[in-house]
Amino acid sequence: MPNASSWSASSPLLLLWEDSSGTRIFLSLLYAVLAISGTLSNVMVIYLVFSFKKLQTTSNAFIVNGCAADLSVCALWMPQEAVLGLLPPNSSSLRSAEYRLLRGGLLGLGLTVSLASHLLVAFNRYVLITKLPSVYQALYQRRHTGCMIGLSWALALLPVPLLPGLWTLGSGQSDGSSRYTALLLALAVLGQTALLLHCYLGIVRRVRGSAKRVSVLNFHLLHQLPSPAAPPPPRRAQRRLSSVSALLLCCVFLLGTQPLVWVSLLGFFLRPAPPALQAASWLLLCSLSALNPLLYTWRSEEFRRAARSVLPRGEGPAAA
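The shown structure was predicted, so the numbers you read here are calculated from the model rather than taken from an experiment. (Residues numbered from 1 in each chain as written. Predicted model: local features only at pLDDT ≥ 70, side-chain atom pairs only at ≥ 80, totals over all residues. Heavy atoms only, no water.)

### Let's talk about the overall build of the protein
Along its length, the protein carries eleven helices and zero strands. Helices and strands in the protein line up, N terminus first, as α-α-α-α-α-α-α-α-α-α-α. Out of the 320 residues in the protein, the part that is buried amounts to 48%. By sequence separation, contacts in the protein at least 24 residues apart represent 77% of the contacts at least 6 residues apart. (Helix = DSSP H or I, 4+ residues; strand = E, 2+ residues; numbered from the N terminus. Buried < 20%, exposed > 50% of the residue type's maximum accessible area, 1.4 Å probe, protein only. Contact = heavy atoms within 4.5 Å.)

In structure tokens, the structure reads:
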């Protein structure tokens, strides 16, 4: 049985050196399921936005940006982990430094842009709901939106060289490089989470107390209007559902990101968490890449209508 030090140089990210073959097979199957479902859902959202003009809004541009980043995790990184989990620990593929760097780069780039897209969507909704329409239109011109998306990818390329240090996490090896890399990751995610919660809690307060009573569920209908719109005031139950939807999105995001944050902080300031806990926290974070498309589209009638129109049954007698 290889020791922790040798395994840290060659293992897949979420597989532990003492794992049994049954556990490794289970994790590989889990990777395969997440890879297939995440790839299909992300591709579907991108296709719908590019195919239907009503969906081509500013907020959906940020959602598509996140889907493109999630594809690097679901379509490129997860399938490799599913295959590598079935290989023996002494496989030459696992020991290649260049290959580990490639996998770490794909994971780091995808997760960083995906998390940045979460924040861009939240801030876009916050400005739309809580600020004047003139402020929204001035801030989210097409050129500015493109710059925000490009900046998310440019900033994501900066920490990619640090990602190989994360491969030592969960292996029992606690060198200074990996500890400081984990601390940097935890602080970045924690700061991004604080901004995201500020935006969505501000939206909830506005929806509950605003005299205009603009529904969060219908925000995408207002993005491209040249002048302030006057949608029919939603019922109290609809406003309550809007708040619940925003809070549910926050809860799912917190569940996916915060375990890794606190596990990393615990390992830096006190003592490393158990390897299984570290692996579970990484798995929760990576699973967000498969869930993100559903989080942002499941309450949108426009997305549901567009999806029904492209599915085979959308052209049948029932649809007519």
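Moving on from the model shown.
### Quick word on the packing of aromatic side chains
Across all of its chains, the model carries three aromatic pairs by this definition. Ring plane angle 70° and centroid distance 6.1 Å describe the contact between Phe62 and Tyr140, whose orientation is recorded as edge-to-face. Separated by 78 residues along the polypeptide, Phe62 in helix 3 (residues 58-84) and Tyr140 in the loop between helix 6 (133-139) and helix 7 (142-157) bring together distant segments of the chain. Each of the two residues, Phe62 as well as Tyr140, counts as buried. On the numbers, 5.0 Å between centres and 35° between planes, the contact of Tyr136 with Tyr140 is tilted. The burial state of Tyr136 is the same as that of Tyr140; both residues are buried. Put simply, the rings of Phe62, Tyr136 and Tyr140 touch in pairs and so form one group of aromatic residues. (Phe/Tyr/Trp six-rings, centres within 6.5 Å; stacked < 30°, edge-to-face > 60°.)

### Regarding the UniProt feature "transmembrane region" (unreviewed entry) in the protein
Here the UniProt feature "transmembrane region" (unreviewed entry) sits at residues 25-50, 62-80, 100-123, 144-162, 182-203, 244-270 and 276-298. Secondary structure content for residues 276-298 is 96% helix and 0% strand, and the end C-alpha separation is 32 Å. (UniProt positions renumbered as here; feature names shortened; annotations may be inferred.)

### A short note on helix 11 (residues 301-310)
Every buried residue of helix 11 is accounted for by Glu302, Phe303 and Ala306. Buried residues of helix 11 fall within an arc of 95° about the axis and therefore sit on the same side. Contacts from the buried residues of helix 11 go to helix 2 (21-51), helix 3 and helix 10 (275-297). (Arc of directions from axis to C-beta.)

### Some points on the nonpolar core
The nonpolar side chains of a soluble globular protein tend to be buried with one another. Ranked by size, the top nonpolar core spans 57 residues in total, and within it Trp77, Met78, Leu107, Tyr200, Trp282 and Tyr296 carry the most contacts. Looking at this core, the elements that each hand over two or more residues are helix 2, helix 3, helix 5 (97-130), helix 8 (176-209), helix 9 (236-269), helix 10 and helix 11. (Core = buried A, V, L, I, M, F, W, Y, C linked by side-chain atoms within 4.5 Å.)

### As for the packing of helix 3 against helix 7
Taken N-terminus to C-terminus, the directions of helix 3 and helix 7 make an angle of 20°; their axes are 11 Å apart at the nearest point. Judged by the angle between their axes, helix 3 and helix 7 are roughly parallel. Viewed along their axes, helix 3 and helix 7 form a crossing whose handedness is right-handed. Of the residues in helix 7, those in contact with Thr58, Ala61, Phe62, Asn65, Ala68 and Ala69 of helix 3 are Thr145, Met148, Ile149, Ser152 and Trp153. Across the contact of helix 3 with helix 7, the residue classes tally to seven nonpolar, four polar and no charged. (Axes fitted to C-alpha atoms, helices over the stretch in contact; angles between N-to-C directions. Parallel < 35°, antiparallel > 145°, perpendicular 65-115°, else oblique. Left-handed = near helix turned anticlockwise from the far one by under 90°. Nonpolar A, V, L, I, M, F, W, Y, C, P; charged D, E, K, R; others polar.)

### What about the environment of Gly150?
When you line up the elements, Gly150 lands in helix 7. Of the residues examined, Gly150 reaches a relative accessible area of 38% and is grouped as partly exposed. Between the C-alpha atoms of Gly150 and Val113, which are 37 residues apart in sequence, the distance is 10.0 Å.

### With respect to helix 7
Its 16 residues give helix 7 an end-to-end C-alpha distance of 23 Å, which sits within 8% of 22 Å, the value for a rise of 1.5 Å per residue. Those residues of helix 7 that fall on the buried side of the exposure criterion are Thr145, Ile149, Ser152 and Ala156. Angularly, the buried residues of helix 7 cover 50° about the axis, an arc narrow enough to put them on a single face. The exposed residues of helix 7 that point more than 90 degrees off its buried face are Arg143, Cys147 and Leu157. (Expected span 1.5 Å × (residues − 1).)

### Comments concerning the side chain of Ser287
Here Ser287 lies in helix 10. Take Ser287: its relative accessible area is 14%, and that puts it in the buried class. A distance of 2.6 Å separates a polar side-chain atom of Ser287 from the backbone oxygen of Leu284. (Polar contact = N/O pair within 3.5 Å; in protein donor to acceptor, adjacent residues only side chain to side chain.)

### Quick look at the side chain of Thr257
Its location among the elements puts Thr257 in helix 9. Discounting chain neighbours no more than four positions away, the residues touching Thr257 are Leu115, Val189, Thr193, Leu285 and Leu288.

### Re the packing of helix 2 against helix 11
At a minimum axis distance of 10 Å, the contact between helix 2 and helix 11 shows a crossing angle of 95°. With respect to helix 11, the element helix 2 is oriented roughly perpendicular. For the pair helix 2 and helix 11, contact is made by Met44, Val45, Tyr47, Leu48 and Val49 and by Phe303, Ala306, Ala307 and Val310, respectively. For the contact of helix 2 with helix 11, the class distribution of residues is nine nonpolar, no polar and no charged.

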